[in-house]
Amino acid sequence: MTVRRSAFALLCAIALTTGILPTAPAAAVETTTDTITWLPCGPIECGKISVPVTKGLNSSKTFSLSLYRREATSGSSPRTLLLLPDREYGPDTRTLTEKAVLTFGTAITKFNVISVAPRGEVDAVMPVGNETNIGTLDMADDLEAVRLALNLKKVSIMGWGSGATAAAAFIMQNPTRVQAAVLDTPIDPSSSMVKQAQQHITATALGVETAMRWCASHLSCPMNANVAQELDLLKRNIRLARVDTGITQMAVARAAVRTIVDGHAQELFTAITAANNGESRSLLTLAGTAPTVLNAYGRCADVSRADAKRIAQAHAAVKPHKFTIGSEAVLYALCAQIPKSEQPLGALKPATLATGARVLVNIARGDQVTAPSVVRAMAKKMKWTYAPVYSNRHLVVGYDNATTVAALTFLAK
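Fair warning: this is a prediction, and the values are worked out from it, not measured in the lab. (Residues numbered from 1 in each chain as written. Predicted model: local features only at pLDDT ≥ 70, side-chain atom pairs only at ≥ 80, totals over all residues. Heavy atoms only, no water.)

(A) Looking closely at helix α15 (residues 401-412). With twelve residues, α15 should reach 16 Å at 1.5 Å per residue; the first-to-last C-alpha distance of 17 Å fits that figure. Residues Thr403, Thr404, Ala407, Leu408, Phe410 and Leu411 constitute the buried set of α15. Buried residues along α15 cover an arc of 155° about the axis, so they all sit on one side. Turned more than 90 degrees off the buried face of α15, the exposed positions are Asn401 and Ala402. (Helix = DSSP H or I, 4+ residues; strand = E, 2+ residues; numbered from the N terminus. Expected span 1.5 Å × (residues − 1). Buried < 20%, exposed > 50% of the residue type's maximum accessible area, 1.4 Å probe, protein only. Arc of directions from axis to C-beta.)

Below you can see the structure in the form of structure tokens.
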């Protein structure tokens with residue numbers, strides 16, 4: 001026996017007597033919870049489940065739904081909290097989990113956090129031929145598939161925008177399977193989308209007026225001296241082709257939805273001032289590209305073709321006060337080119353036990369794309385807790401500190 005081997009044997013004998021054993025370098029370890037295999041991916045864990053495109057249809061195709069998990073690091077008996085992102089605004093699915101502590105504070109560490117990808121996004125790609133099967137009621141079915149895969153009797157939920165609407169639909173259908181929920185700016189999946197659209201139009205018009213008043217009252221806004229005059233000048237410059245041909249009223253509406261809605265009205269007014277002074281690049285950058293059929297899938301999945309036409313006409317008929325926000329008229333008009341919705345909203349009948357469920361509903365009083373009146377009416381009808389926030393932006397949980405703290409406190413009770 002060589003000296004090296006003798007030394008090794010002696011070390012092992014000492015390790016055995018002291019309870020310390022040499023270990024090999026740690027390898028990535030899989031942990032499985034029922035049908036979900038969780039794998040390390042950076043600071044969190046990633047998993048997937050196979051979900052049918054159409055629930056209850058034996059011949060349905062399936063797709064891979066991505067999940068992102070951060071396990072609780074405090075508390076004795078952590079609950080599972082599902083995070084449901086919005087399709088258009090706020091962080092994506094993975095970022096919600098990765099930055100959960102930074103966004104929501106240490107209170108989130110008491111939950112096993114799992115974010116669920118929305119259908120049709122990059123981490124929940126639909127099969128060929130089913131790209132438009134991404135409606136709210138389909139996503140509510142996905143939540144039930146996730147709950148079953150986790151083998152949990154109840155889950156807690158926090159959702160934003162379209163994710164909050166899917167959560168509302170899930171609660172209305174499955175109230176006994178939800179511990180508690182926080183819904184940030186949902187629309188009502190159980191009432192007419194056409195009627196709701198009229199209220200959204202009113203909210204958008206008010207959002208424009210509010211942004212203009214903000215500019216007029218802040219010296220930092222470059223068109224502070226006369227906001228209306230500067231906006232009229234832009235209209236004239238567009239009509240007389242004194243600005244880049246890519247700048248149209250629809251382009252301004254797209255730029256508005258990328259700025260005002262996030263609480264950054266000054267960026268829009270600065271870009272408009274620059275365009276009036278011969279520099280169109282900033283406004284063109286904010287406007288981005290015109291929406292395509294692909295961008296309309298989510299909206300069209302929630303309405304019938306007839307309702308989509310009515311909504312498009314209602315938006316197109318608006319004579320905006322200086323400008324408008326968003327591209328709803330164009331997007332809903334594109335529904336005519338998309339297969340008809342299999343599960344349009346408006347006909348959902350909430351279960352009796354859904355009334356009075358432990359649900360907190362938030363929205364900014366000055367939301368520019370979702371009408372607070374719609375959210376308030378749903379909360380009142382369902383006897384859910386309604387807590388509006390004095391703010392002029394879209395989405396509030398994770399953005400307004402007091403609202404975020406209240407949301408986590410509500411979920412923890």
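(B) Up close: the side chain of threonine 259. Position of threonine 259 among the secondary structure elements: in the loop between α8 (249-257) and α9 (265-276). Excluding anything up to four places from it in sequence, threonine 259 contacts His264, Ala265, Glu267, Leu268 and Leu286. (Contact = heavy atoms within 4.5 Å.)

(C) Summary view of the pairing of strand β6 (residues 111-116). Within β6, six of the six residues are buried, leaving the element largely enclosed by the surrounding structure. Side-chain alternation along β6 places Phe111, Val113 and Ser115 on one buried face and Asn112, Ile114 and Val116 on a second face that is also buried. Pairing between strand β4 (residues 62-70) and β6: four bridges, direction antiparallel. Pairing of tyrosine 68 across the sheet is with serine 115, part of β6. Across five bridges, strand β5 (residues 79-84) lies against β6 in parallel orientation. Bridging from a neighbouring strand, leucine 83 pairs with serine 115 of β6. (Pairing = 2+ DSSP bridges.)

(D) Spatial organisation of the pairing of β4. Alignment of strand β3 (residues 44-52) against β4, held across eight bridges, turns out to be antiparallel. Paired with glutamate 45 across the bridge in β4 is arginine 69.

(E) The nonpolar core, seen in detail. One finds Leu65, Leu82, Ile157, Leu183 and Trp384 to be the most contacted residues of the largest nonpolar core, which totals 63 residues. Residues contacting tryptophan 384, with those up to four places away along its chain left out, are Ala168, Ile171, Met172, Leu183, Ala354, Gly356, Ala357, Val359, Val361, Met378 and Ala379. (Core = buried A, V, L, I, M, F, W, Y, C linked by side-chain atoms within 4.5 Å.)

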